[in-house]
Structure formats: structure tokens, C-alpha cells
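Listed here are the chains, written in short residue letters.
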Amino acid sequence: SGELGAAEAPTITHPAIHFLSDSTVVMSEDRPKLEEDVAWLAQYPRAVVILEGHCDQTGRADYNMELGDRRAREIKSFLIERGIAADRIIMVVSFGEERPVDPRETHAALRQNRRVELVLR
């Protein structure tokens, strides 16, 4: 049959998970998004995830690269704690401050750039 089975999950980027400034703490209003990601991954047991860590442009570039990595690994740990198999998290990468959603230096722009994006496929 030509119908999509549960194993054939679409490749999607879920809403980004945002973080407090200079922190690996997820903003409280984004915690429900993480629960939705766990539910999506449970619904598609053969799907895999790539975690992309990002930072705002304040601070040194090398520090931000490391912070983006710590943020992505924080999400990886959360997913594993919630029962997602570690081998389904196929890549953890940091882009530091190199890929801002919004290049302005307003409070709102900086907040949008402090994120982890989950690419699910």
C-alpha cells in the first residue's frame, strides 16, 4: 500500500527550545515544547533527531560555540531521561553565534537566538 506507516516519519524541525542568557536552563514557557518532542519521538519509534545548539552574539565566539554544545547536550540528556534511546540522537552540533534567527541586538532578538533546534526525521 502507498500509505505512510508509523515508521515513515516526516523530516521536520520542531519549534526551537530557548534558554536563559548564558545558561543551559530551558525557559519555562518552552518546557511544553520538549514534552511534545518526546511524544513525537515516541509516536515515530524509528525516527532520529539532530540537536543543533545556538547562542546569541554576546560574549566571545569560542565561548558561545562551547555553550551551544552544552545546550544541545542538555536537551540530549533530557530526551534520554524521558526514555528516548541514545542511539536515536544521531548528531549533536553547535553553531555558537554563527546562525542567528534575528541578527539585531534587541532583547527579543537575543532571546530568539539562544536556542536548540531539533531536526527530526
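1. Quick word on the overall build of the protein chain
Then step 1. Helix and strand content of the protein chain: 3 helices and 5 strands.
Then step 2. Over its C-alpha trace the protein chain gives a radius of gyration of 15 Å, about what one expects of a compact globule, namely 14 Å for 121 residues.
Then step 3. Principal axes of the C-alpha set define a box for the protein chain whose edges measure 50 × 25 × 25 Å.
Then step 4. Here the protein chain holds 121 residues, and the buried ones make up 43% of them.

2. Quick look at the pattern of salt bridges
Then step 1. One pass over the full model with this rule turns up 9 salt bridges.
Then step 2. Note that E35 is salt-bridged to R82, the shortest N-O span being 2.5 Å. You can see E35 sitting in helix α1 (residues 31-43) and its partner R82 sitting in the loop between α2 (61-81) and β4 (89-94), a full 47 residues away along the chain.
Then step 3. Here E35 falls in the partly exposed class, since its relative accessible area comes to 35%.

3. As for the packing of α1 against α2
Then step 1. Running from amino to carboxyl end, α1 crosses α2 at an angle of 55 degrees, the nearest separation of the two axes being 11 Å. For the element pair α1 / α2, the angle class is oblique. Relative to α2, α1 is oriented so that their crossing is right-handed. On α2, the residues touching L34, E35, V38 and L41 of α1 are I75, F78 and L79.
Then step 2. For the contact of α1 with α2, the class distribution of residues is 6 nonpolar, no polar and 1 charged.

4. Quick look at α1
Then step 1. For α1, built from 13 residues, the straight-helix expectation of 18 Å at 1.5 Å per residue is met to within 8% by its first-to-last C-alpha distance of 19 Å.
Then step 2. When we look at burial in α1, the residues that qualify are L34, D37, V38, W40 and L41. All buried residues of α1 project into a common sector of 160 degrees when viewed along the axis, lining one side. Of the exposed residues in α1, the ones pointing more than 90 degrees away from its buried face are E36 and A42.
Then step 3. Looking at the buried residues of α1, the elements they touch are β1 (12-13), β2 (17-18), α2 and β5 (115-120).

5. Examining the confidence of the model for the protein chain
Then step 1. Residues with a pLDDT of 70 or more make up 92% of the protein chain, whose mean pLDDT is 92.
Then step 2. Predicted confidence is poor over residues 1-6, with pLDDT under 50, and the contacts of this stretch with residues over four places away or in other chains come to 3 contacts.

Conventions used here
- Residues numbered from 1 in each chain as written.
- Predicted model: local features only at pLDDT ≥ 70, side-chain atom pairs only at ≥ 80, totals over all residues.
- Heavy atoms only, no water.
- Helix = DSSP H or I, 4+ residues; strand = E, 2+ residues; numbered from the N terminus.
- Rg over C-alpha atoms; globule rule 2.2 N^0.38 Å.
- Buried < 20%, exposed > 50% of the residue type's maximum accessible area, 1.4 Å probe, protein only.
- Salt bridge = Lys/Arg side-chain N within 4 Å of Asp/Glu carboxyl O.
- Axes fitted to C-alpha atoms, helices over the stretch in contact; angles between N-to-C directions.
- Parallel < 35°, antiparallel > 145°, perpendicular 65-115°, else oblique.
- Left-handed = near helix turned anticlockwise from the far one by under 90°.
- Contact = heavy atoms within 4.5 Å.
- Nonpolar A, V, L, I, M, F, W, Y, C, P; charged D, E, K, R; others polar.
- Expected span 1.5 Å × (residues − 1).
- Arc of directions from axis to C-beta.
- pLDDT = per-residue confidence, 0-100.

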